[in-house]
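# Notes for the structure review
Chain by chain, the residues run as shown.
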Amino acid sequence: MNDVITIGDAMITMDPATTGPLRFVDTYKRKVGGAELNVAIGCARLGLKTGWISRLGNDEFGRYIYNFTRGEGIDVSEVHLMEGYPTSLNFKEILEDGSGKTFYYRQQSPTLTLKPESLDESYFKKAKLLHITGVFPAVHEQNRAIIDRAVDLAKKYDLKISMDPNIRLKLWSKEEARKTLLQWLPDVDYLLTGIDEAEILFGTDQIPEIIEHAKQYSISHLFLKLGDKGSAVWTQKGFIEEPPQIVPKVVDTVGAGDGFDAGVLYGLLNDWELPKILKFANIIGSMVVSVKGDNEGLPYLEDVLMKLEGEKLIER
């Protein structure tokens, strides 16, 4: 049985060897990326049994992602290599302050071969939680029917559903994102969002008003990613804030939100108290931004627990 299952398109990410505008970068390092896959990797490294549903190109890049994912201990029984569809790519631009841009090449994604009827009902029956994001339904419109089916199966078999809006405006408009994601919110148990994404969904960046919208959709846990201000969570029992972790140097912000998500899901599935979950997830986010790459900074459980419990790592 998997603790967490997720669905999404994975990509070969070309990381620049130098910072600055992409047009001046000559050398790249091949990495693996994809929002849903990053969360799966984060969960797996924390020790959760994790499954990923996807399609990859039957090419060298697809084989590389498949083997990389399997090597992380993720269940890839619902991942298949498809002929005639190139594995998706993206090129990253990283500036001196750690911020950056992403340039996608995923129009002919192999996930175009994934249909609602492709989802194996028994795979959902043997899981505890379905994690969805706003990236997969933004890549191609037909993916929205797949998420519809996944949500239906999750509800049928009493899985908890978590959602990170993860709105990528290079893939769809604010209006399209809002309309699509709001239709799933009545079935979402855990919403994990940044303030900017909440504003797109609810039309406000004021936390009290965001909470009122969450109440209307019967969301049990609203987790707010507050960037350099830390994080917060609202439930019917109240509102809790957690200050940020100190980061000596931010080198790459990509994947920090995915790491936060993994930390939250781990804490929820292990019935931790909410303050502990927030601190744990904040620590993971701080560790991710300290390392270049989409998922290279996602830590293993023992490394996070050392920071959580204030222990010093014995280096030699």
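What counts, and where the lines are drawn
- Residues numbered from 1 in each chain as written.
- Predicted model: local features only at pLDDT ≥ 70, side-chain atom pairs only at ≥ 80, totals over all residues.
- Heavy atoms only, no water.
- Phe/Tyr/Trp six-rings, centres within 6.5 Å; stacked < 30°, edge-to-face > 60°.
- Helix = DSSP H or I, 4+ residues; strand = E, 2+ residues; numbered from the N terminus.
- Buried < 20%, exposed > 50% of the residue type's maximum accessible area, 1.4 Å probe, protein only.
- Pairing = 2+ DSSP bridges.
- Axes fitted to C-alpha atoms, helices over the stretch in contact; angles between N-to-C directions.
- Contact = heavy atoms within 4.5 Å.
- Expected span 1.5 Å × (residues − 1).

### Observations concerning the packing of aromatic side chains
According to the stated counting rule, one finds seven aromatic pairs in the structure shown. Here the aromatic rings of tyrosine 28 and phenylalanine 91 are separated by 5.3 Å at their centres, their planes lie at 90 degrees, and the arrangement is edge-to-face. Taken as a pair, tyrosine 28 in strand β3 (residues 28–33) and phenylalanine 91 in strand β6 (residues 88–94) lie far apart in primary sequence, 63 residues in all. Residue phenylalanine 91 is classed as partly exposed on the basis of its relative accessible area of 22%. Look at phenylalanine 91 and tyrosine 105: their rings are 5.8 Å apart centre to centre, the planes differ by 85 degrees, and that puts the pair in the edge-to-face class.

### A short note on the sheet that holds strand β7 (residues 100–105)
With mixed pairing, four strands are arranged side by side in an open sheet as β3-β2-β6-β7. The outermost strands of the open sheet, each flanked by one partner alone, are β3 and β7. Adjacent strand axes in the sheet meet at a mean angle of 25 degrees when their direction is disregarded. Examined bridge by bridge, strand β2 (residues 11–16) and β3 share six bridges and lie antiparallel to one another. Of the residues in β3, the one forming a bridge with proline 16 is tyrosine 28.

### Overview of the sheet that holds strand β9 (residues 160–164)
Taken together, nine strands build an open sheet; the order of strands is β5-β4-β1-β8-β9-β10-β11-β12-β13 and the sheet is mixed. Strand pairing shows two members of the sheet lacking a second neighbour, β5 (79–82) and β13 (238–242), which therefore form its edges. The mean angle between the axes of side-by-side strands here comes to 15 degrees, regardless of whether they run parallel or antiparallel. Sheet topology note: the strand β4 (residues 50–57)/β5 ladder contains four bridges and is parallel. Each bridged residue has a counterpart across the sheet, and for arginine 55 the counterpart in β5 is histidine 80. In the packing of helix α5 (residues 143–156) onto the sheet, the strands contacted are β1 (2–7), β8 (127–133) and β9, and the crossing angle to β8 comes to about 155 degrees.

### Looking at helix α10 (residues 274–288)
If you check α10, its first and last C-alpha atoms are 21 Å apart, about what 15 residues at 1.5 Å a residue would give, namely 21 Å. Buried residues dominate α10, accounting for 12 of its 15 residues. For α10, every residue scored as buried is listed here: Leu274, Ile277, Leu278, Phe280, Ala281, Asn282, Ile283, Ile284, Gly285, Ser286, Met287 and Val288. Looking at the buried side of α10, the elements it contacts are β11 (221–225), β12 (231–235), β13, α9 (256–269) and α11 (301–308).

### Section: the side chain of threonine 6
Locating threonine 6 in the fold gives a position in strand β1. Residue contacts for threonine 6: discarding those within four places in its chain leaves Glu36, Ala40, Gly51, Trp52, Ile53 and His131.

### Considerations on the pairing of β7
Pairing between β6 and β7: six bridges, direction antiparallel. Within β7, the position partnered with phenylalanine 91 by the bridge is phenylalanine 103. Taken together, β6 and the strand that follows it, β7, pair antiparallel across an intervening segment of five residues, in which glycine 98 is found at a positive phi of about 95 degrees.

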